[in-house]
Amino acid sequence: MSFVIASQLDESFNAQLRAHSSAPIVIDVPEETPWAAASQADLLVIRPSREWGRIKALARPAEWPGNLKWVYSASVGVDFYPRWLLDAPLVTCGRGVASEEIADYVIAAIYLQTKDLETVRARGPGAWKQAPLGRVAGTTLGIVGLGTIGSAVARRALAARMEVTAARRRSLPSPVRGVRLLDSVAAVVGSADHILLALPATDATRSVIDAAILARAKPGAHLINVARGSVLDQQALLDALDAGALGFATLDVTEPEPLPAGHPLWTHPRVRLTPHVASNYTVVRHALFDKIAADIDAYLRGEIPSDVVDATTGY
Ligand SMILES: NC(=O)c1ccc[n+]([C@@H]2O[C@H](COP(=O)([O-])OP(=O)(O)OC[C@H]3O[C@@H](n4cnc5c(N)ncnc54)[C@H](OP(=O)(O)O)[C@@H]3O)[C@@H](O)[C@H]2O)c1
(Lines give C-alpha, C1' and ligand atoms only; values in the text may rest on other atoms or scores of the structure.)
Protein backbone atom coordinates (compact mmCIF):
# COMPACT_ATOMS: atom_id res chain seq x y z
CA MET A 1 0.00 0.00 0.00
CA SER A 2 1.27 3.47 -0.84
CA PHE A 3 2.46 5.82 1.87
CA VAL A 4 0.08 8.81 1.89
CA ILE A 5 1.43 12.28 2.63
CA ALA A 6 -0.89 15.24 3.21
CA SER A 7 1.18 18.39 2.75
CA GLN A 8 0.66 22.08 3.43
CA LEU A 9 3.79 22.97 1.49
CA ASP A 10 3.69 24.56 -1.93
CA GLU A 11 2.91 22.73 -5.16
CA SER A 12 6.51 22.52 -6.38
CA PHE A 13 7.61 21.10 -3.02
CA ASN A 14 4.80 18.54 -3.19
CA ALA A 15 5.82 17.61 -6.73
CA GLN A 16 9.31 16.84 -5.37
CA LEU A 17 7.75 14.74 -2.60
CA ARG A 18 5.78 12.76 -5.23
CA ALA A 19 9.09 11.94 -6.92
CA HIS A 20 10.46 10.38 -3.70
CA SER A 21 11.73 6.83 -4.25
CA SER A 22 8.90 5.39 -2.11
CA ALA A 23 6.39 6.74 -4.69
CA PRO A 24 4.06 8.21 -2.06
CA ILE A 25 0.61 9.57 -2.78
CA VAL A 26 0.78 13.29 -1.97
CA ILE A 27 -2.42 15.22 -1.34
CA ASP A 28 -3.00 18.89 -0.60
CA VAL A 29 -4.43 19.84 2.79
CA PRO A 30 -7.02 22.62 3.11
CA GLU A 31 -5.41 25.51 5.07
CA GLU A 32 -8.61 25.96 7.12
CA THR A 33 -9.10 22.30 8.08
CA PRO A 34 -5.70 20.57 8.28
CA TRP A 35 -7.20 17.84 10.47
CA ALA A 36 -9.05 16.57 7.38
CA ALA A 37 -5.77 14.71 6.72
CA ALA A 38 -6.42 12.55 9.78
CA SER A 39 -8.66 10.18 7.87
CA GLN A 40 -6.71 10.16 4.61
CA ALA A 41 -2.98 10.23 5.28
CA ASP A 42 -0.11 8.54 7.13
CA LEU A 43 1.99 11.70 7.33
CA LEU A 44 0.84 15.32 7.64
CA VAL A 45 3.46 17.95 6.72
CA ILE A 46 2.62 21.37 8.14
CA ARG A 47 4.04 24.85 7.90
CA PRO A 48 3.44 27.91 10.09
CA SER A 49 0.79 29.64 7.97
CA ARG A 50 -1.31 32.48 9.41
CA GLU A 51 -4.39 30.23 9.41
CA TRP A 52 -2.99 28.34 12.42
CA GLY A 53 -3.55 31.46 14.53
CA ARG A 54 -7.31 31.05 14.03
CA ILE A 55 -7.24 27.26 14.36
CA LYS A 56 -5.38 27.58 17.69
CA ALA A 57 -8.51 29.01 19.28
CA LEU A 58 -10.65 26.04 18.20
CA ALA A 59 -11.30 22.95 20.31
CA ARG A 60 -9.55 19.74 19.35
CA PRO A 61 -11.43 18.16 16.42
CA ALA A 62 -13.10 14.84 17.28
CA GLU A 63 -11.33 13.11 14.41
CA TRP A 64 -7.81 14.04 15.58
CA PRO A 65 -5.34 12.28 15.16
CA GLY A 66 -7.40 9.60 13.39
CA ASN A 67 -5.25 7.33 11.21
CA LEU A 68 -2.30 9.72 11.13
CA LYS A 69 0.96 8.14 12.17
CA TRP A 70 3.21 11.16 11.96
CA VAL A 71 3.10 14.98 11.89
CA TYR A 72 6.09 16.83 10.42
CA SER A 73 6.50 20.53 11.19
CA ALA A 74 8.61 22.32 8.58
CA SER A 75 9.51 24.87 11.26
CA VAL A 76 11.58 23.92 14.29
CA GLY A 77 9.23 25.91 16.54
CA VAL A 78 5.88 24.20 17.12
CA ASP A 79 4.40 27.14 19.03
CA PHE A 80 2.42 28.24 15.94
CA TYR A 81 0.18 25.19 16.22
CA PRO A 82 -2.60 24.21 18.63
CA ARG A 83 -1.50 21.98 21.52
CA TRP A 84 -3.72 19.12 20.38
CA LEU A 85 -1.63 18.89 17.22
CA LEU A 86 1.23 17.46 19.31
CA ASP A 87 -1.09 14.67 20.40
CA ALA A 88 -0.19 12.46 17.44
CA PRO A 89 1.76 9.17 17.51
CA LEU A 90 4.90 10.94 16.28
CA VAL A 91 5.72 14.65 15.80
CA THR A 92 9.03 15.74 14.28
CA CYS A 93 10.37 19.10 13.11
CA GLY A 94 12.73 20.75 10.65
CA ARG A 95 15.32 21.53 13.34
CA GLY A 96 18.63 22.73 11.90
CA VAL A 97 17.46 23.39 8.36
CA ALA A 98 17.84 27.18 8.64
CA SER A 99 20.39 27.42 11.45
CA GLU A 100 23.35 28.46 9.30
CA GLU A 101 21.30 31.16 7.55
CA ILE A 102 20.03 32.48 10.87
CA ALA A 103 23.57 32.45 12.28
CA ASP A 104 24.70 34.58 9.33
CA TYR A 105 21.88 37.04 10.12
CA VAL A 106 23.04 37.26 13.76
CA ILE A 107 26.66 37.88 12.78
CA ALA A 108 25.50 40.54 10.29
CA ALA A 109 23.58 42.23 13.13
CA ILE A 110 26.68 42.20 15.35
CA TYR A 111 28.89 43.73 12.64
CA LEU A 112 26.26 46.30 11.67
CA GLN A 113 26.22 47.37 15.28
CA THR A 114 30.00 47.55 15.67
CA LYS A 115 31.55 48.16 12.25
CA ASP A 116 28.84 49.91 10.23
CA LEU A 117 31.04 51.16 7.40
CA GLU A 118 28.19 53.31 6.05
CA THR A 119 28.52 55.58 9.10
CA VAL A 120 32.17 56.35 8.22
CA ARG A 121 31.82 56.28 4.45
CA ALA A 122 33.94 59.10 3.01
CA ARG A 123 32.53 60.83 -0.08
CA GLY A 124 35.17 63.57 -0.42
CA PRO A 125 38.23 65.14 1.20
CA GLY A 126 36.07 66.96 3.75
CA ALA A 127 34.88 63.61 5.11
CA TRP A 128 38.45 62.31 5.65
CA LYS A 129 38.17 62.33 9.44
CA GLN A 130 38.96 59.89 12.18
CA ALA A 131 35.82 58.29 13.57
CA PRO A 132 35.88 55.45 16.05
CA LEU A 133 34.47 52.09 15.02
CA GLY A 134 33.42 49.54 17.59
CA ARG A 135 35.10 46.18 18.04
CA VAL A 136 34.01 42.57 17.79
CA ALA A 137 37.11 40.58 18.77
CA GLY A 138 37.43 40.50 22.53
CA THR A 139 33.77 41.28 23.20
CA THR A 140 31.34 38.77 24.68
CA LEU A 141 28.37 37.13 23.03
CA GLY A 142 25.85 35.66 25.50
CA ILE A 143 23.60 33.00 23.99
CA VAL A 144 20.33 32.06 25.64
CA GLY A 145 19.40 28.69 24.11
CA LEU A 146 22.35 26.70 22.78
CA GLY A 147 20.57 24.51 20.22
CA THR A 148 21.21 24.31 16.49
CA ILE A 149 20.96 28.10 15.98
CA GLY A 150 22.87 29.05 19.13
CA SER A 151 25.61 26.55 18.24
CA ALA A 152 25.92 27.81 14.65
CA VAL A 153 26.27 31.37 15.96
CA ALA A 154 28.75 30.28 18.65
CA ARG A 155 31.06 28.69 16.06
CA ARG A 156 31.12 31.91 14.04
CA ALA A 157 31.60 34.11 17.11
CA LEU A 158 34.51 32.00 18.39
CA ALA A 159 36.15 32.25 14.96
CA ALA A 160 35.75 36.04 15.22
CA ARG A 161 37.67 35.85 18.53
CA MET A 162 34.66 36.71 20.67
CA GLU A 163 34.16 35.22 24.13
CA VAL A 164 30.99 33.14 24.15
CA THR A 165 28.84 32.39 27.18
CA ALA A 166 25.57 30.47 27.07
CA ALA A 167 22.68 28.95 29.00
CA ARG A 168 20.66 25.92 28.00
CA ARG A 169 17.78 24.16 29.75
CA ARG A 170 19.36 20.79 30.45
CA SER A 171 22.45 20.16 32.55
CA LEU A 172 24.50 18.92 29.64
CA PRO A 173 27.88 20.06 28.30
CA SER A 174 28.16 22.62 25.51
CA PRO A 175 27.87 21.08 22.04
CA VAL A 176 30.51 23.60 20.90
CA ARG A 177 33.98 23.55 22.42
CA GLY A 178 35.05 26.95 23.71
CA VAL A 179 31.62 28.10 24.86
CA ARG A 180 31.45 28.87 28.61
CA LEU A 181 28.16 27.54 29.96
CA LEU A 182 26.75 29.62 32.83
CA ASP A 183 24.15 28.43 35.29
CA SER A 184 21.42 31.00 34.62
CA VAL A 185 19.93 33.18 31.92
CA ALA A 186 20.57 36.22 34.16
CA ALA A 187 24.29 35.39 34.35
CA VAL A 188 24.50 35.09 30.55
CA VAL A 189 22.68 38.40 30.02
CA GLY A 190 24.95 40.08 32.58
CA SER A 191 28.10 38.77 30.90
CA ALA A 192 27.43 39.94 27.37
CA ASP A 193 28.01 42.83 24.98
CA HIS A 194 25.70 41.08 22.48
CA ILE A 195 22.84 38.99 23.87
CA LEU A 196 21.30 36.41 21.54
CA LEU A 197 17.89 34.88 22.22
CA ALA A 198 17.69 31.48 20.50
CA LEU A 199 15.41 29.46 22.74
CA PRO A 200 12.01 27.97 21.91
CA ALA A 201 8.66 29.58 22.72
CA THR A 202 7.17 27.33 25.39
CA ASP A 203 5.14 27.87 28.57
CA ALA A 204 8.43 27.98 30.48
CA THR A 205 10.05 30.62 28.29
CA ARG A 206 7.20 33.17 28.01
CA SER A 207 8.70 36.59 28.93
CA VAL A 208 11.78 34.85 30.31
CA ILE A 209 13.63 38.02 29.34
CA ASP A 210 11.81 40.47 31.60
CA ALA A 211 12.62 43.76 33.34
CA ALA A 212 14.58 42.05 36.12
CA ILE A 213 16.76 40.15 33.66
CA LEU A 214 17.27 43.21 31.44
CA ALA A 215 18.37 45.17 34.52
CA ARG A 216 21.35 42.77 34.66
CA ALA A 217 22.53 43.74 31.15
CA LYS A 218 25.74 45.71 30.67
CA PRO A 219 24.92 49.35 29.84
CA GLY A 220 24.87 49.70 26.06
CA ALA A 221 24.47 45.97 25.40
CA HIS A 222 22.94 44.84 22.10
CA LEU A 223 20.07 42.36 22.25
CA ILE A 224 19.26 40.16 19.24
CA ASN A 225 16.05 38.13 19.14
CA VAL A 226 15.74 35.46 16.43
CA ALA A 227 13.64 33.15 18.62
CA ARG A 228 10.06 34.32 19.14
CA GLY A 229 8.51 37.58 20.32
CA SER A 230 6.94 35.82 23.31
CA VAL A 231 10.27 35.09 25.04
CA LEU A 232 10.87 38.82 25.51
CA ASP A 233 8.74 41.28 27.49
CA GLN A 234 8.49 43.97 24.81
CA GLN A 235 7.47 46.74 27.22
CA ALA A 236 10.44 45.90 29.44
CA LEU A 237 12.65 46.07 26.33
CA LEU A 238 11.34 49.55 25.45
CA ASP A 239 11.84 50.72 29.04
CA ALA A 240 15.40 49.34 29.10
CA LEU A 241 16.25 51.04 25.79
CA ASP A 242 14.77 54.35 26.93
CA ALA A 243 16.60 54.18 30.25
CA GLY A 244 19.90 53.43 28.49
CA ALA A 245 20.17 50.05 30.22
CA LEU A 246 20.33 48.49 26.77
CA GLY A 247 22.03 50.10 23.79
CA PHE A 248 20.26 48.55 20.83
CA ALA A 249 17.92 45.74 19.82
CA THR A 250 17.83 43.74 16.59
CA LEU A 251 14.49 41.94 16.37
CA ASP A 252 13.55 39.44 13.67
CA VAL A 253 10.50 38.36 15.66
CA THR A 254 7.84 40.17 17.65
CA GLU A 255 4.55 39.45 19.34
CA PRO A 256 2.24 39.74 17.48
CA GLU A 257 3.62 39.57 13.94
CA PRO A 258 3.33 42.07 12.48
CA LEU A 259 3.05 44.57 15.35
CA PRO A 260 0.07 46.94 15.09
CA ALA A 261 0.60 50.24 13.24
CA GLY A 262 1.99 52.88 15.57
CA HIS A 263 3.70 50.41 17.92
CA PRO A 264 6.84 52.15 19.29
CA LEU A 265 9.14 49.28 18.22
CA TRP A 266 8.55 50.13 14.53
CA THR A 267 10.30 53.48 14.75
CA HIS A 268 12.43 53.36 17.90
CA PRO A 269 15.81 54.89 17.00
CA ARG A 270 17.66 52.06 18.72
CA VAL A 271 15.69 49.17 17.29
CA ARG A 272 16.22 47.42 13.97
CA LEU A 273 13.13 45.36 13.15
CA THR A 274 13.10 42.78 10.35
CA PRO A 275 9.99 40.85 9.24
CA HIS A 276 10.90 37.30 10.41
CA VAL A 277 13.28 36.80 7.51
CA ALA A 278 16.37 35.41 9.25
CA SER A 279 15.60 31.83 8.18
CA ASN A 280 15.69 32.79 4.48
CA TYR A 281 13.17 30.13 3.41
CA THR A 282 13.75 30.43 -0.34
CA VAL A 283 17.37 29.43 0.20
CA VAL A 284 16.80 26.67 2.76
CA ARG A 285 13.79 24.94 1.17
CA HIS A 286 16.16 22.49 -0.55
CA ALA A 287 17.69 21.58 2.80
CA LEU A 288 14.17 21.12 4.17
CA PHE A 289 13.29 18.81 1.29
CA ASP A 290 16.46 16.74 1.80
CA LYS A 291 15.69 16.41 5.51
CA ILE A 292 12.07 15.37 4.96
CA ALA A 293 13.10 12.89 2.25
CA ALA A 294 15.77 11.33 4.51
CA ASP A 295 13.29 11.14 7.38
CA ILE A 296 10.71 9.38 5.18
CA ASP A 297 13.42 6.87 4.18
CA ALA A 298 14.25 6.29 7.86
CA TYR A 299 10.58 5.92 8.82
CA LEU A 300 9.89 3.42 6.04
CA ARG A 301 12.92 1.40 7.17
CA GLY A 302 11.28 1.22 10.60
CA GLU A 303 13.65 3.72 12.22
CA ILE A 304 12.76 6.80 14.24
CA PRO A 305 13.11 9.93 12.09
CA SER A 306 15.21 12.89 13.26
CA ASP A 307 14.20 15.63 15.68
CA VAL A 308 11.22 14.21 17.52
CA VAL A 309 9.30 16.95 19.35
CA ASP A 310 8.81 16.36 23.08
CA ALA A 311 5.19 17.31 23.79
CA THR A 312 5.96 17.85 27.50
CA THR A 313 8.70 20.45 26.98
CA GLY A 314 7.16 21.89 23.79
CA TYR A 315 10.30 21.63 21.63
N1 LIG B 1 13.64 33.80 13.18
C2 LIG B 1 13.38 32.69 12.50
O3 LIG B 1 13.11 32.71 11.31
C4 LIG B 1 13.46 31.36 13.22
C5 LIG B 1 13.75 30.22 12.46
C6 LIG B 1 13.93 29.00 13.11
C7 LIG B 1 13.74 28.93 14.49
N8 LIG B 1 13.41 30.04 15.19
C9 LIG B 1 13.21 29.96 16.65
O10 LIG B 1 14.47 29.65 17.27
C11 LIG B 1 14.26 28.65 18.27
C12 LIG B 1 15.55 27.87 18.47
O13 LIG B 1 15.85 27.10 17.30
P14 LIG B 1 16.92 25.91 17.37
O15 LIG B 1 16.90 25.24 16.06
O16 LIG B 1 18.21 26.40 17.91
O17 LIG B 1 16.20 25.00 18.45
P18 LIG B 1 16.79 23.85 19.34
O19 LIG B 1 17.90 23.15 18.62
O20 LIG B 1 15.63 23.06 19.82
O21 LIG B 1 17.47 24.62 20.57
C22 LIG B 1 16.72 25.23 21.58
C23 LIG B 1 17.69 25.57 22.70
O24 LIG B 1 17.00 26.31 23.70
C25 LIG B 1 17.33 25.76 24.98
N26 LIG B 1 16.28 26.05 25.95
C27 LIG B 1 15.04 25.53 26.03
N28 LIG B 1 14.39 26.05 27.10
C29 LIG B 1 15.26 26.92 27.67
C30 LIG B 1 15.20 27.76 28.82
N31 LIG B 1 14.09 27.82 29.57
N32 LIG B 1 16.29 28.51 29.14
C33 LIG B 1 17.42 28.44 28.39
N34 LIG B 1 17.54 27.66 27.30
C35 LIG B 1 16.47 26.93 26.95
C36 LIG B 1 17.52 24.28 24.72
O37 LIG B 1 18.25 23.70 25.78
P38 LIG B 1 18.72 22.15 25.74
O39 LIG B 1 19.73 22.07 24.61
O40 LIG B 1 19.35 21.95 27.06
O41 LIG B 1 17.49 21.33 25.46
C42 LIG B 1 18.27 24.33 23.40
O43 LIG B 1 19.64 24.53 23.63
C44 LIG B 1 13.10 27.82 17.73
O45 LIG B 1 12.40 27.14 18.76
C46 LIG B 1 12.23 28.84 17.03
O47 LIG B 1 11.26 29.36 17.91
C48 LIG B 1 13.26 31.25 14.58
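Model, not experiment: these values are computed from the prediction.

Conventions used here
Residues numbered from 1 in each chain as written. Predicted model: local features only at pLDDT ≥ 70, side-chain atom pairs only at ≥ 80, totals over all residues. Heavy atoms only, no water. Salt bridge = Lys/Arg side-chain N within 4 Å of Asp/Glu carboxyl O. Helix = DSSP H or I, 4+ residues; strand = E, 2+ residues; numbered from the N terminus. Buried < 20%, exposed > 50% of the residue type's maximum accessible area, 1.4 Å probe, protein only. Core = buried A, V, L, I, M, F, W, Y, C linked by side-chain atoms within 4.5 Å. Domains from an automatic or database assignment. Contact = heavy atoms within 4.5 Å. Pairing = 2+ DSSP bridges. Axes fitted to C-alpha atoms, helices over the stretch in contact; angles between N-to-C directions. Buried area = accessible area lost by both parts, 1.4 Å probe. Polar contact = N/O pair within 3.5 Å; in protein donor to acceptor, adjacent residues only side chain to side chain. Nonpolar A, V, L, I, M, F, W, Y, C, P; charged D, E, K, R; others polar.

**Things to note about the pattern of salt bridges**
- According to the stated counting rule, one finds 17 salt bridges in the structure shown.
- Residue R156 pairs with E100 through a salt bridge whose shortest N-O separation is 2.7 Å. Taken together, the positions of R156 in helix 4 (residues 148-159) and E100 in helix 3 (residues 99-114) put the pair 56 residues apart, joining distant regions of the chain.
- The residue E118 makes a salt bridge to R121 at a minimum N-O spacing of 3.2 Å.
- Residue class for R121 comes out partly exposed when judged on its relative accessible area of 47%.
- Salt bridges sharing common partners tie together E100, D104, R155 and R156.

**Observations regarding the nonpolar core**
- L196, V226 and I292 are the most contacted members of the largest nonpolar core, which totals 47 residues.
- Broken down by secondary-structure element, the contributors of at least two residues to this core are helix 1 (11-18), strand 3 (43-46), strand 4 (70-73), helix 3, strand 6 (140-144), helix 4, strand 7 (163-167) and helix 9 (281-300).
- Looking at this core element by element, the count peaks at 7 residues for helix 3.
- Residue contributions to this core reach at least three from each of two domains, namely domain 1 (4-96 + 281-300) and domain 2 (99-273).
- Those residues in contact with I292 that sit more than four places away from it in its chain are L9, F13, L17, V45 and Y72.
- Listed in part, the 29 residues of the second largest apolar core include V188, A192, I195 and L199.

**A closer look at the sheet that holds strand 2 (residues 25-28)**
- Strand order across the open sheet formed by 5 strands is 2-1-3-4-5, with parallel pairing between neighbours. Lying at the two open borders of the sheet, with one neighbouring strand each, are strand 2 and strand 5 (91-93). Ignoring strand direction, the axes of neighbouring strands in this sheet form an average angle of 20°.
- With 3 bridges joining them, strand 4 and strand 5 adopt parallel strand pairing.

**So, the domain arrangement of the protein chain**
- Domain parsing of the protein chain yields domain 1 (4-96 + 281-300) and domain 2 (99-273).
- Between domain 1 and domain 2, the C-alpha centre-to-centre distance is 32 Å.
- Between domain 1 and domain 2, the residue contacts involve 9 residues of the former and 7 residues of the latter.
- Taken together, both faces of the contact between domain 1 and domain 2 bury some 640 Å²; the carbon and sulfur share is 47%.
- Area buried by domain 1 at its contact with domain 2 is led by D79, R83 and G96, which between them contribute 51% of it.
- Here domain 1 and domain 2 share 2 salt bridges between them.
- Of the charged contacts in the structure, one is a salt bridge between D79 and R228, with a shortest N-O distance of 2.8 Å.
- Here domain 1 is connected to domain 2 by 3 residue pairs in polar contact (both at pLDDT 80 or more).
- A breakdown of the residues in the side of domain 1 that touches domain 2 according to their chemical character gives 3 nonpolar, 2 polar and 4 charged.

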